[in-house]
Amino acid sequence: MKVMLRVMAALCGLLLLFSAAGCAPADSPSEDLRWPVTVRETTITGSPRRVVSLSPAMTASLIELGFAGRLAGVSDSCILPDALGEIERCGSALLPDTAAILALQPDLVVASTDLPAALTGPLQEAGIPLLVIRRAADLDGILDNYRALATAMQGEEQGERIAEQLEYFAQQTLSYLNDAVSQSVAEGTSAVYLRKMPFIIATGDTLEGSWLTDLGLVNQAQEFEGWDYPLEAEPDLNPNYIFCDRSVTLEALQSSDYYRRTSAVTNLRVIPLDGQQFEQQSPRMFLVWEEAVRTAFPEAFDGVERPSIVLPMEPPPAPEPEPESWWESLFGH
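Residues take numbers from 1 onward in each chain, read along the sequence in its written order. Owing to the predicted nature of the model, reporting of local features is limited to residues with pLDDT of at least 70; listing and counting of side-chain atom pairs is limited to 80 or more, with chain, interface and lining totals taken over all residues. With hydrogens and water excluded, all non-hydrogen atoms of the structure serve as input to the side-chain values.

The next point concerns the overall build of the protein. The helix and strand tally for the protein stands at 12 helices and 12 strands. In these tables, accessible area is a Shrake-Rupley quantity obtained with a 1.4 Å probe, and a residue counts as shielded only by the protein chains included in the view. Accessible surface, the protein as shown: approximately 15200 Å² in total, 50% of it carbon and sulfur. Strands here mean DSSP runs of E at least two residues long; helices mean DSSP runs of H or I at least four residues long; both are numbered from the N terminus.

With that settled, the discussion passes to the confidence of the model for the protein. What pLDDT expresses is the predictor's confidence in each residue, scored from 0 to 100. Taken as a whole, the protein shows an average pLDDT of 89; of its residues, 85% reach a score of 70 or greater. This stretch, residues 20-30, has a pLDDT under 50; its non-local contacts, to residues over four places away or in other chains, come to 25 contacts. Only heavy atoms enter the contact rule, under which two residues are in contact if any of them lie within 4.5 Å.

In this section: unusual backbone geometry. Cis geometry marks the peptide bond from Trp 35 to Pro 36; its omega dihedral reads 5°. When you line up the elements, Pro 36 lands in the loop between α1 (2-20) and β1 (37-39). Of note, the bond from Met 197 into Pro 198 is cis; its omega dihedral lies within 30 degrees of zero at 5°. Counting through the fold element by element, Pro 198 comes out in the loop between β8 (190-196) and β9 (200-201). In this model, Arg 40 sits at a positive phi of 50°, which is unusual for a non-glycine residue.

In this analysis, strands are considered paired if DSSP registers two or more bridges between them. Judged by pairing direction, the sheet is parallel, and its 5 strands sit side by side in the order β5-β4-β3-β6-β7 without closing on themselves. The two strands at the open ends of the sheet, each matched to only one other strand, are β5 (88-89) and β7 (130-132). As judged from the 3 bridges shared by strand β6 (residues 108-111) and β7, these two strands associate in the parallel manner. Considered in β7, the bridge of Val 109 is made with Leu 130.

You can see Gln 281 is positioned in the loop between α10 (275-279) and α11 (285-296). Leave out the neighbours within four places in its chain, and Gln 281 touches Ser 61, Arg 135, Ala 136, Ile 142, Tyr 146 and Leu 207.

Attention shifts here to the packing of helix α6 (residues 156-182) against α11. For helices, the axis comes from a line fit to the C-alpha atoms of the stretch in contact; other axes are also lines fit to C-alpha atoms, and the angle between any two N-to-C directions lies between 0 and 180 degrees. One way to put it is that α6 packs onto α11 with a least axis distance of 10 Å and a crossing angle of 15°. The angle between α6 and α11 falls in the class roughly parallel. Judged by the sense of rotation from one axis to the other, the crossing of α6 with α11 is left-handed. Seen from α6, the contacting residues are Phe 169, Ala 170, Thr 173, Leu 174, Tyr 176, Leu 177 and Val 181; seen from α11, they are Phe 286, Leu 287, Trp 289, Glu 290, Val 293 and Arg 294. Gly is put with the polar residues, along with every residue not named as nonpolar or charged; the nonpolar set is Ala, Val, Leu, Ile, Met, Phe, Trp, Tyr, Cys and Pro, and the charged set is Asp, Glu, Lys and Arg. Residues of the contact of α6 with α11, tallied by class, amount to 10 nonpolar, 1 polar and 2 charged. Convention used here: angles under 35 degrees read as roughly parallel, angles over 145 as roughly antiparallel, angles from 65 to 115 as roughly perpendicular, and any remaining angle as oblique. Two helices that cross are described as forming a left-handed crossing if the nearer one is turned anticlockwise from the farther one by less than a right angle, and a right-handed crossing if clockwise.

Right, let's talk about a negative patch on the surface for a bit. Negative charge collects at one region of the surface, where Asp 138, Asp 140, Glu 164 and Glu 167 lie side by side. Checked against the element boundaries, Asp 140 lands in helix α5 (residues 139-154). Think of it in three bands: residues with accessible area under 20% of the maximum for their type are buried, residues over 50% are exposed, and the middle band is partly exposed, with areas taken using a 1.4 Å probe on protein chains only. Take Asp 140: its relative accessible area is 58%, and that puts it in the exposed class. The patches described consist of residues with a relative accessible area above 30% and no salt bridge, like charges being joined within 9 Å and nonpolar side chains (Val, Leu, Ile, Met, Phe, Trp, Tyr) within 5 Å. When a carboxyl oxygen of Asp or Glu is within 4 Å of a side-chain nitrogen of Lys or Arg, the pair counts as a salt bridge. Within this scheme the basic residues Lys and Arg register as positive and the acidic residues Asp and Glu register as negative, but His and the chain ends are omitted. Charge positions are represented by NZ for Lys, CZ for Arg, CG for Asp and CD for Glu.

What follows concerns the pairing of β8. Among the 7 residues that make up β8, 5 are buried, leaving the element largely enclosed by the rest of the structure. As paired elements, β8 and strand β10 (residues 218-219) share 2 bridges and run parallel to each other. Bridge pairing links Ala 191 to Asn 219 in β10. Bridging between β8 and β9 involves 2 bridges; their strand directions are antiparallel. Across the sheet, residue Leu 194 finds its bridge partner in β9, namely Ile 201. If you look at the hairpin formed by β8 and β9, you'll find 3 residues sitting between the two strands.

This part is about the nonpolar core. Among the buried residues, those of types Ala, Val, Leu, Ile, Met, Phe, Trp, Tyr and Cys that are joined through side-chain atoms within 4.5 Å form a nonpolar core. In this structure, Phe 243, Phe 286, Trp 289 and Phe 297 are the most contacted members of the largest nonpolar core, which totals 66 residues. Aside from chain neighbours lying at most four places away, what touches Phe 286 is Leu 139, Tyr 146, Phe 169, Ala 170, Thr 173, Leu 174 and Trp 211. Counting 17 residues, the second-largest nonpolar core is a separate cluster that includes Leu 194, Tyr 229, Leu 237 and Ile 242.

Below, the structure is given as structure tokens:
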């Protein structure tokens, strides 16, 4: 726990650096050389100060990167920290509240999927840019998504700085975990990531499944696809460790005909984690994964020093302060 608090404190500082860096005052887009920028075929003419997010993943990323103060509206399914107070709810990506969104007069709308014409048409008529950042299939895609979002919010140069910091943070965190665990676990040690009972399990084609194998573990769902572990393969399902969403309880596993006799359950090697934060691909996913891995394999980290997650950089001149970020207020830094 102390290690995680130190890591979170370091990440708070890193994210505070993101939110403060590169926000040079701009009276109008024509006076700011950072704009316009084109991101994923979307042209943004000035620093977005009022953003509507119709994606829980994009909302989380904006908050964690220090842009909470720019959120004017969010989807009905977005989870917000209490510290942010009330923010206008705008429906969903599938059924957006077009009138509410237009009334907010946003500078930018972000989503993780295509939106219906009932919204995209009015946005285009009003000259409001729409940026769609889709869920990534691998780590490179996640980092590219961070770059796209940071560029949309801060411009090309500062977006690249933020992307470099996030890439360093992600690579350092994953390398630290993978090296420590792969050197300590016995060959053939198996695991699964169980999203939902009975058999919604991270298969070999998923990012979450690949992170198990990166640790040196055998993903018992490796040969299957689409989070679908077939019932006929259940007799072979006997993982040594079960990582699972918190909705999957140890009691439920102990009562299940499919899991109660597995090595993971009989040896109490069931590691719950916040599946939403882990799977939505915001920067916090790396800390969620680290906490779960360190809980599962504490002995692997005995005497192992955690590397710095902050890439040293010269700060840009004369930053314009952002409102206090959620990370800063949450952890008191």
